[in-house]
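# Architecture and fold: a report
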Amino acid sequence: MRFLRACAGAATDTTPIWLMRQAGRYMPEYRRLRERYGMLELVKDPALACEVTLQPVEAFDVDAAIVFSDILPPLEAMGLRLEFVKGDGPRVDPPVRTRRDVRALTVPEPEEGLAFTLEAIRMARAALEPRGVPLIGFGGAPFTLACYAIEGGTSRDQRRAKDLMFGDPAAWHELMTKLAETVGRYLVAQARAGAQALQLFDSWVGALSPADYRRHALPYTRRTIEIARAAGVPIIHFGTGTAGLLEAMVEAGGDVLGVDWRVDLREARRRIGDAAPVQGNLDPVALLAPWPELRARADEVLAQAGSRPGHVFNLGHGILPETPVDNVRRLVDHVHEHGRAA
């Protein structure tokens, strides 16, 4: 499996490719399901989640599948209420704002509070095994989950999260410790259910300065990865807006570093050396461009990666809903045809 070989920094016959949010709203098959089911309904029904997981594998020659879920259900398992509001995104209620709120959160057993995703993984792994396509499980990094829990949803500047981080370090430490334990255990459970690689998403960590990242986020991300390491599968560590954090992110201990489109892959590799293979990093908006432009941008990513082993082609964030399906198909085929054997 070339994806798993690349995650290990081993030679591959060509560059492997999968795409974040490859199972999602740009696909008509998925949109038809969303006309009948809400987001959480899909996530919590293992058969439906498995069906969505397999949709891009059936449509494209991607080198890995990622289980259909979301990073936020662990917050619900910890005792918060979660809903997805049309046009407004996720909403977490009540928000975590005080030390008392933090103390009320529990560290759940994943086999109880998140059993639906574990069953979806078992089903998807059984379906993917004959095809030779590996399955990725995932979770949200403690900082990003803390932001959602404290802000109560999406935020541009994570102001309330930083208020707690700066104003009550003891409460912040307790919250982040609980999140690290919850996500770490959840990742291990996903691997035991059949996931062959794991990705840790830190979507909002780019809101932090390097100093604040090292002090207030890195120790807990490192703890999450330490726990997940017991699973014995590759761990991909990805964040957005992280150009100033790459060296510190490597210290968290992941096997592969996901890089967003704001960083040249040559520069990323120069800065991290041989510490980890890299994943990335086409701008998701490029998938909306005419094919000649998209092809040129894909070739630039391949050129930046060079012939050194250990590159997984991906986007710098998730596929946008407006993305033409044919552009995804052509991109996957082009990367396989023109990727670098190493």
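This section reports on the structure supplied with the text. (Residues numbered from 1 in each chain as written. Predicted model: local features only at pLDDT ≥ 70, side-chain atom pairs only at ≥ 80, totals over all residues. Heavy atoms only, no water.)

### Regarding the pattern of salt bridges
If you walk through the whole model with that rule in mind, you get 27 salt bridges. A salt bridge links Arg2 to Asp13, with the shortest nitrogen-to-oxygen separation between them at 2.8 Å. Taken together, the residues span a long stretch of sequence, with Arg2 in helix H1 (residues 2-7) and Asp13 in the loop between H1 and helix H2 (28-34) at a distance of 11 residues. For Arg223, the salt bridge is made with Glu226, and the minimal N-O distance between the two is 3.7 Å. (Salt bridge = Lys/Arg side-chain N within 4 Å of Asp/Glu carboxyl O. Helix = DSSP H or I, 4+ residues; strand = E, 2+ residues; numbered from the N terminus.)

### What to know about the pairing of strand S2 (residues 81-85)
Strand direction decides the pairing type here: S2 and strand S3 (residues 89-93), joined by 5 bridges, are antiparallel. Paired with Arg81 across the two strands is Asp93, which belongs to S3. (Pairing = 2+ DSSP bridges.)

### Examining the packing of aromatic side chains
The full count for this structure, using the stated rule, is 6 aromatic pairs. Between Phe201 and Phe238, the aromatic rings sit 6.0 Å apart at their centres with planes inclined by 80°, giving edge-to-face as the arrangement. Of this pair, Phe201 sits in strand S5 (residues 197-202) while Phe238 sits in strand S6 (residues 235-239), and the two are 37 residues apart along the sequence. Here a set of aromatic residues connected by ring pairs shows up, and it is made of Phe138, Phe201 and Phe238. The positively charged end of Arg262 is found above the aromatic ring belonging to Trp261, 4.0 Å away from the centroid. (Phe/Tyr/Trp six-rings, centres within 6.5 Å; stacked < 30°, edge-to-face > 60°. Lys NZ or Arg CZ within 6 Å of the ring centre and 35° of its normal.)

### Considerations on the side chain of Gln190
Its location among the elements puts Gln190 in helix H11 (residues 169-193). If we ignore the near neighbours within four places in the chain, the residues touching Gln190 are Val67, Leu118, Ile121, Gly137, Phe138, Ala195 and Leu198. (Contact = heavy atoms within 4.5 Å.)

### Quick look at the pairing of strand S9 (residues 311-315)
Taking burial as the measure, the 5 residues of S9 include 5 buried ones, the bulk of the element. Because side chains alternate across S9, one face comprises the buried residues His311, Phe313 and Leu315, and the other comprises Val312 and Asn314, equally buried. Direction of pairing for strand S8 (residues 278-282) relative to S9: parallel, over a ladder of 5 bridges. For Leu282, the partnering residue across the bridge sits in S9 and is Leu315. Note that the unit made of S8, helix H16 (residues 291-305) and S9 has a crossover that is right-handed. (Buried < 20%, exposed > 50% of the residue type's maximum accessible area, 1.4 Å probe, protein only. Right-handed = clockwise from strand over helix to strand, strands pointing away.)

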